[in-house]
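# Chain and residue survey
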Amino acid sequence: AATLLNADALGGPAGVPDAELLVGNPPFSSPLNSDASRVPESPIAGLGPYTDTSARHLLAAVQSVPDGAVVCLVQPQSLLGARDAAKVRSAVMRDAELVGMWLTDEQPFEAAVQVCAPILRRRTGAAPGHAGPRSAGVDLYWRDELPRRVAFDPSANWSPLLATALGVPDVQPLEPGNHLSIGDVANCTAGFREEFYALAEVATEAPQGSDGRAMTPAGWACLVTSGMIDPATIGWGRSERSLGGRRMTHPVADPAAIDAVSARVGRWVRRRMVPKVLVASQTRVLEAALDRRGGTVPVTPVVSVEPLGGVVPSVPVEALAAVLGAPSSSARVALLSAGTGRSTRALRITASTLAGLPVPRDPGILAGLVAAWGDLEAAVAAGRDPSVAGARIDDLLGAGDPSVLEWWSSRIPRGSPST
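Quick look at the structure, then. (Residues numbered from 1 in each chain as written. Predicted model: local features only at pLDDT ≥ 70, side-chain atom pairs only at ≥ 80, totals over all residues. Heavy atoms only, no water.)

## Focus on the sheet that holds strand β17 (residues 276–279)
In spatial order, the strands read β9-β20-β17-β18; together these 4 strands make up an open sheet with antiparallel pairing. A strand with exactly one partner marks an edge of an open sheet, and here the two such strands are β9 (186–190) and β18 (288–291). Sheet twist, expressed as the mean angle between neighbouring strand axes with direction ignored, is 25°. Sheet topology note: the β17/strand β20 (residues 303–307) ladder contains 3 bridges and is antiparallel. Its bridge partner lying in β20, Val279 is registered against Val303. (Pairing = 2+ DSSP bridges. Helix = DSSP H or I, 4+ residues; strand = E, 2+ residues; numbered from the N terminus. Axes fitted to C-alpha atoms, helices over the stretch in contact; angles between N-to-C directions.)

This is the structure in structure tokens:
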């Protein structure tokens, strides 16, 4: 006979003592979507304030079943690698073993959300608060195909499972001691809500001269959105783009007008007006472009990577651009963040992810990267295949791998710069 329980799944410790299998499709609800005006004041069970409701249900499910029971709940793919789901993943892995993962790049539900389904088995006799033994592997289910066994490191996030399903190649680790991280030699930052809305409010079209060309007033900022960035190219002024619900071709902003909206954002904008690399988000590979003059300001979620002064070695901004544009860097980011973008194959780029990428110490290699970046810019500007320059950059980084180059080459936008 069936036993029906009616309870608040997140309301308390009531368990399902006789369950062998718990399956479900819990509600998806991010605090960012439900109430953008405030951060929740009392995160449940010490989880992050932006943890999706579905992830809270997953943790509650694992904690409610007896040892040996299996839990499988449909989840948004962001669970795999999102920062705000990290505590849920960690807590789940203390109590259960990830034995399988179902993934797809299709949308099986009416809601426009990419989904996955982790298959978790509650540990038998595991000491509370202590992670279990290293996983021997995970059964990876892709769409409706038969599963395949893949390696899995339970101490990492779950994004590599999706990356593997999508064919992202492994990137060989670099020799220790020969590299720093980008965060050691550059400031990586991106605006958030306040920056976006302040810039969108004051954005205006740059005035045009008698020849029809845009004339940016001295000291004003050219505003660059993700859609204006292609590999090795900033497409500001080439076509209309959306900014705050308006379509503009040459969006600019007067720092004084920004100050009137938010003095803090005004200071943030002035700090960005230096030579830097701008990196777009929601792209298939890293799309990095160089602002040598420092006249642009990134619009959320574009990431700005700005060389630090007084560090040894001093890394030229062109070398930073080469590292960020390298095929191996795109693969590293895909392995770390697959599933967190707006679509299965899109990369959500964050400042912290870019800050962790390796950059060489050797001045000779850095000089080679500067030259290789120039070759990449020239190839893109001429509409030529950028793979030769990309391969040269990876060779300099000690990460040359034909499979990585082939993967990157199949995904990078081709042809002339944005039009």
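And the narrative resumes.
## So, the pairing of β17
Covered by surrounding structure in β17 are Lys276 and Leu278 together with Val277 and Val279, the residues of both alternating faces. Here 4 bridges tie β17 to β18, and the two strands are oriented antiparallel to one another. Directly across from Lys276, in β18, lies its bridge partner Asp291. (Buried < 20%, exposed > 50% of the residue type's maximum accessible area, 1.4 Å probe, protein only.)

## Considering the sheet that holds strand β19 (residues 296–298)
Across the sheet, 4 strands lie side by side as β10-β16-β11-β19; this open sheet has mixed pairing. In the strand order of this sheet, the two ends are held by β10 (204–205) and β19, each with one partner. The pairing of strand β11 (residues 221–224) with β19 spans 3 bridges and is parallel. Following the sheet pairing, Leu223 is matched in β19 by Val297.

## Some thoughts on the packing of aromatic side chains
Evaluated as defined, the whole model comprises 1 aromatic pair. Look at Phe196 and Tyr197: their rings are 5.3 Å apart centre to centre, the planes differ by 80°, and that puts the pair in the edge-to-face class. Residue classification places Phe196 among the partly exposed positions, given a relative accessible area of 22%. Owing to a relative accessible area of 53%, Tyr197 belongs among the exposed residues under this scheme. (Phe/Tyr/Trp six-rings, centres within 6.5 Å; stacked < 30°, edge-to-face > 60°.)

## Looking at the side chain of Asp394
With respect to the helices, strands and loops of the structure, Asp394 is situated in helix α13 (residues 387–397). Buried Asp394, no salt bridge; nearest opposite-charge side chain is Arg332, N-O distance 7.1 Å. The contacts of Asp394, once residues within four sequence positions are left out, are Ala326, Pro327, Ser328, Ala399, Gly400 and Val404. (Lys, Arg positive; Asp, Glu negative; His and termini not counted. Salt bridge = Lys/Arg side-chain N within 4 Å of Asp/Glu carboxyl O. Contact = heavy atoms within 4.5 Å.)

## Notes on unusual backbone geometry
In this structure, the amide linkage connecting Thr300 to the following residue, Pro301, adopts the cis form with an omega of 15°. Note on placement: Pro301 falls in the loop between β19 and β20. Positive phi values are uncommon outside glycine, yet Arg143 reaches one of about 55°. With a relative accessible area of 35%, Arg143 lands in the partly exposed category. The residue Gln282 is not glycine, and still its phi comes out positive at about 60°. Here Gln282 is to be found in the loop between β17 and β18. A relative accessible area of 25% means that Gln282 is categorised as partly exposed.

## Observations concerning the nonpolar core
Core analysis: the biggest nonpolar cluster contains 86 residues, and Met101, Ile182, Val277, Val279 and Val305 have the highest contact counts within it. If you tally residues by element for this core, the top one is helix α9 (residues 317–325), at 7 residues. The residues touching Val277, leaving out its near neighbours within four places in the chain, are Ala288, Ala289, Leu290, Val303, Ser304, Val305, Val317, Leu320, Ala321 and Leu324. Formed by 15 residues, the second largest nonpolar core is a distinct cluster that contains Val202, Met248, Ala253 and Val297. (Core = buried A, V, L, I, M, F, W, Y, C linked by side-chain atoms within 4.5 Å.)

## Structural notes on the packing of α13 against helix α14 (residues 402–411)
To describe two helices that pack against each other, one gives the angle between their axes and the distance between the axes. Their axes nearest at 10 Å, the elements α13 and α14 cross at an angle of 140°. Between α13 and α14, the angle falls in the class oblique. In this structure, α13 crosses over α14, and the sense of that crossing is right-handed. For the pair α13 and α14, contact is made by Ser387, Gly390, Ala391 and Asp394 and by Val404, Leu405, Trp408 and Ser409, respectively. Classifying every residue of the contact of α13 with α14 by side-chain character gives 4 nonpolar, 3 polar and 1 charged. (Parallel < 35°, antiparallel > 145°, perpendicular 65-115°, else oblique. Left-handed = near helix turned anticlockwise from the far one by under 90°. Nonpolar A, V, L, I, M, F, W, Y, C, P; charged D, E, K, R; others polar.)

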